[in-house]
Amino acid sequence: MKKIFLLFILFSTTLIAMAQHSGNSLGDLIKTEHKGQKFTFLTNNGTAEVTIYSSNILKLSIWKGEHIKNHSYAVIIKPEKVNYNIKENNSTYWIKTDSMILEINKKPLRFTFKNKNGNIINQDDPIGTYWQSGQISAFKKLFSDEKFLGLGEKTGPLNRRGNAYTNWNTDNPHYENWSDPLYSSIPFYIGVHDKLSYGIFVDNTSKSKFNFGAGNNRFSYFTVNDNQLDYYFIYGSSLSNIIKNYTYLTGRMKMPPIWSLGFQQSRWSYTPDKEVISIAQNFRNKHIPLDVIYLDIAYMDDYKVFTWNKETFPHPTKMISKLKKMGIHTAVIIDPGVKIQKGYAIYDEGIKQNIFIKYPDGTDYSGEVWPGWCNFPDFTLPKARVWWGRQFSKLVSEGVTGFWNDMNEIAVWGKEVPEIVQMNYDGHPVSYLKGKNIYGMQMARSTFEGVKKLMDGQRPLVLTRSGYAGLQRYTAIWTGDNQATDDNMLLGIRLVNSFGLSGVAFSGYDTGGFGGNATQDLFARWISIASFSPFFRVHSAINTMRSEPWSYGEYVQKLAKKAINLRYHLLPYIYSSFYESSENGMPVQRSLSIDYTYDENIYKEPFENQYLFGPSIMVIPVKSTQQSTEVYFPKGIWYSFYTDKKVKGKQTKLVEAPLNKLPVFIKEGAIIPIQKLVQNTGENQGDTLELHLYNGNKGSYTYYEDDGVSYEYLKNKYYKRQIIYKGIKNQLILSKPEGEINSKYKFIRIIFHGFNSGLKDIMLNNKPIKKDSAISTFYLSNYIKPIQNLFSLTLPNSTSSITITWKKN
């Protein structure tokens, strides 16, 4: 009798558990509706909708009760018309595009994504989509070898498996290797397993969590604090294809101003104006290139935005003009908080226009920050964005061209903004619970759209600390308040790599560390690495030691100058890499996982910081305390940047790493354009462009020029040339240029690397041409030694196609 009673209790408990499970999970299919490329599946517990956006992109929306069409700040496209087929039987419903298959189990409703060969790319766990305590989660089967990459500004390792993260934009100074969350949220990740890859973008600005097998070995999952889940499933045959499709969905960056890719110097704070001019003059006197200098909060009157301190900066236009004559652009910090002070024009107008975020009772929210108590514009309100953009008119007229948005998480003293405050959300009112993560991006958007209208066709630099998916359309981003340590230096590299995997090409970190004091060796190492980063700025905090290149003694100044010089030599290569980003979303700083996805070695801790800068330059970050390091060489042949010594791929080698030579290697078949040294990007780059060609089986490169400062390139005012290297045929082809402008260079000097046996019978368009008699004057002669095995060839930069052939000795 006792045994029967225990069985009854067990059976009853099981039934209760099953009932609870079915009540919380997406249920059994009752009805299907199909209209165009949209499919609706009504179940006995919740509804799911599938929309075909392209053959590679499917959107899934899952909800209970009333369906809300969520406003998206990230997605910029509408579904494109595609070919698809549907099939159905009693248990399963299939939607097939040219690229993938969505297999839908009916009872209960669960989703399996397959490639067109039927291989499972991604699959719901039996729990499926699950509601609990005001949250909705999607549970996914965890494959044995599955890796997880990206998710934007997240700490930890390259492969995020075994970790969990929260998206909740947070001012997190003093962050370390495992701190979370940080300043921005990009709820997009890439999964890799069994030679397959996919991306998932969860388009919800509420707080979200992503668990990649942390604390369990059964599933990964993502959760949003909402009753509805909208996510996009992206399939691609490669990581580059997934990034291309993700940035097709959320937008790509515009071409940045060329000067924003040069060296930038900042400090909290350069003041008064005489110090700003002195710093700039020191760069020029020491012949250290510089393109941008930043003014932190001390330039303002009592920290009030859109003002100048009349005592320390009495004549800002005059100061900015002096800097401009030195070839230096001025960037200023702008925080979102508007000081509550009657008579302060910005505040008075903001009150009049009714553009500040509010409490539920309609009163304006106030929080305390640098100026004291402030109101905060609601950047999700369209008229507030326009209003904010107009406030830049005076700064623009004074000559400011860089606009640095900080403290926009929102950061306030006390760390907490009440979650009940209300935001417009473009006509779809929400609380701060849903508005927080989008606030910084919409501030950057307001800034970009405003200054773009004011700058008479010139490109601005907009820089933000906080953001959300799609931020790349408006702004560059940096990794916030890092610290002067080796670990933070390496962490910054992984953060930028992760930004690149998440659609953001223009990102960087505070070189030298914002907080704390860098040692001489640390600064020297950091600036050598940072010269190979998309955004290249030194910035340091008040009450820390100075961090200009000359602040660490003559030897470090020499090393810093050499690193900055190399950056300027590389600008044609860097600018062309940014053009690629603007076209297909490929990052400038590229995790090795993009090109070598299925090579297990690149995910190992000693090698996960290695990256490609542009398509061909492999950078090996090394701590300042190390004089040598283990390097993993992926497949192919690699050349030492300094000696041209060849290294075969698929092996690990111990490589010297003195402070004056950061380990850098060039991929075989690489084509790297190099310019002469200039002190700023506005200087004449001379009449000769060098193309450095590295021996190999094949290579290709898209070289790109425009005026570097305007939007005329959108009207075909650019110069673009495809360069194809056929190593097996001993042939280099420069295609006929595209675009409506001529190159700034009259001549091309081709430098041949790794052709140690020499060249003979060189032909230019089937006519003999001689090699250069000497090569001692090439632009990188201060970096590459010895030069006796190098050959060069100088020819006119023809507007027709150029074909060069040769024979090897």
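Attention in this report is confined to the structure presented alongside it. Note that the structure is predicted; figures quoted are calculated from it, not measured. (Residues numbered from 1 in each chain as written. Predicted model: local features only at pLDDT ≥ 70, side-chain atom pairs only at ≥ 80, totals over all residues. Heavy atoms only, no water.)

### Description of the overall build of the protein
Phase 1: Assigned secondary structure in the protein consists of 13 helices and 50 strands.
Phase 2: Its C-alpha atoms give the protein a radius of gyration of 28 Å, near enough to 28 Å, the size a compact globule of 809 residues would have.
Phase 3: The principal-axis extents of the C-alpha atoms in the protein amount to approximately 100 × 70 × 50 Å.
Phase 4: Out of the 809 residues in the protein, the part that is buried amounts to 63%.
Phase 5: Relative to all contacts within the protein whose residues are 6 or more apart in sequence, the contacts with residues 24 or more apart total 70%.
Phase 6: Here the protein displays about 31000 Å² of accessible surface, and carbon together with sulfur accounts for 51% of that area.
Phase 7: Within the protein, one finds 95 positive and 71 negative side-chain charges whose respective centroids are separated by 6 Å. (Helix = DSSP H or I, 4+ residues; strand = E, 2+ residues; numbered from the N terminus. Rg over C-alpha atoms; globule rule 2.2 N^0.38 Å. Buried < 20%, exposed > 50% of the residue type's maximum accessible area, 1.4 Å probe, protein only. Contact = heavy atoms within 4.5 Å. Areas by Shrake-Rupley, 256 points an atom, 1.4 Å probe, with all protein chains shown as cover. Lys, Arg positive; Asp, Glu negative; His and termini not counted. Charge placed at Lys NZ, Arg CZ, Asp CG, Glu CD.)

### With respect to the pairing of strand S42 (residues 688–694)
Within a regular strand, side chains alternate between the sheet's two faces.
Phase 1: Summarising burial for S42: seven of the seven residues are buried, a large majority.
Phase 2: Across the two faces of S42 the burial is the same, with Thr688, Glu690, His692 and Tyr694 and Leu689, Leu691 and Leu693 all buried.
Phase 3: Pairing between strand S41 (residues 671–674) and S42: four bridges, direction antiparallel. By the bridge assignment, proline 673 is partnered in S42 with leucine 691.
Phase 4: Strand direction decides the pairing type here: S42 and strand S46 (residues 747–753), joined by seven bridges, are parallel. What sits directly across from histidine 692, in S46, is isoleucine 751. (Pairing = 2+ DSSP bridges.)

### Thoughts on the sheet that holds S46
Phase 1: Across the sheet, which stays open at both edges, the four strands sit in the order S41-S42-S46-S49 with mixed pairing between neighbours. Looking at which strands have only one partner, the edges of the open sheet turn out to be S41 and strand S49 (791–796). Taken pair by pair, the neighbouring strands of this sheet meet at an average axis angle of 20 degrees, ignoring direction.
Phase 2: In the sheet, S46 pairs with S49 via six bridges, with the strands oriented antiparallel. Across the sheet, the residue bridging to phenylalanine 752 is phenylalanine 791, located in S49. (Axes fitted to C-alpha atoms, helices over the stretch in contact; angles between N-to-C directions.)

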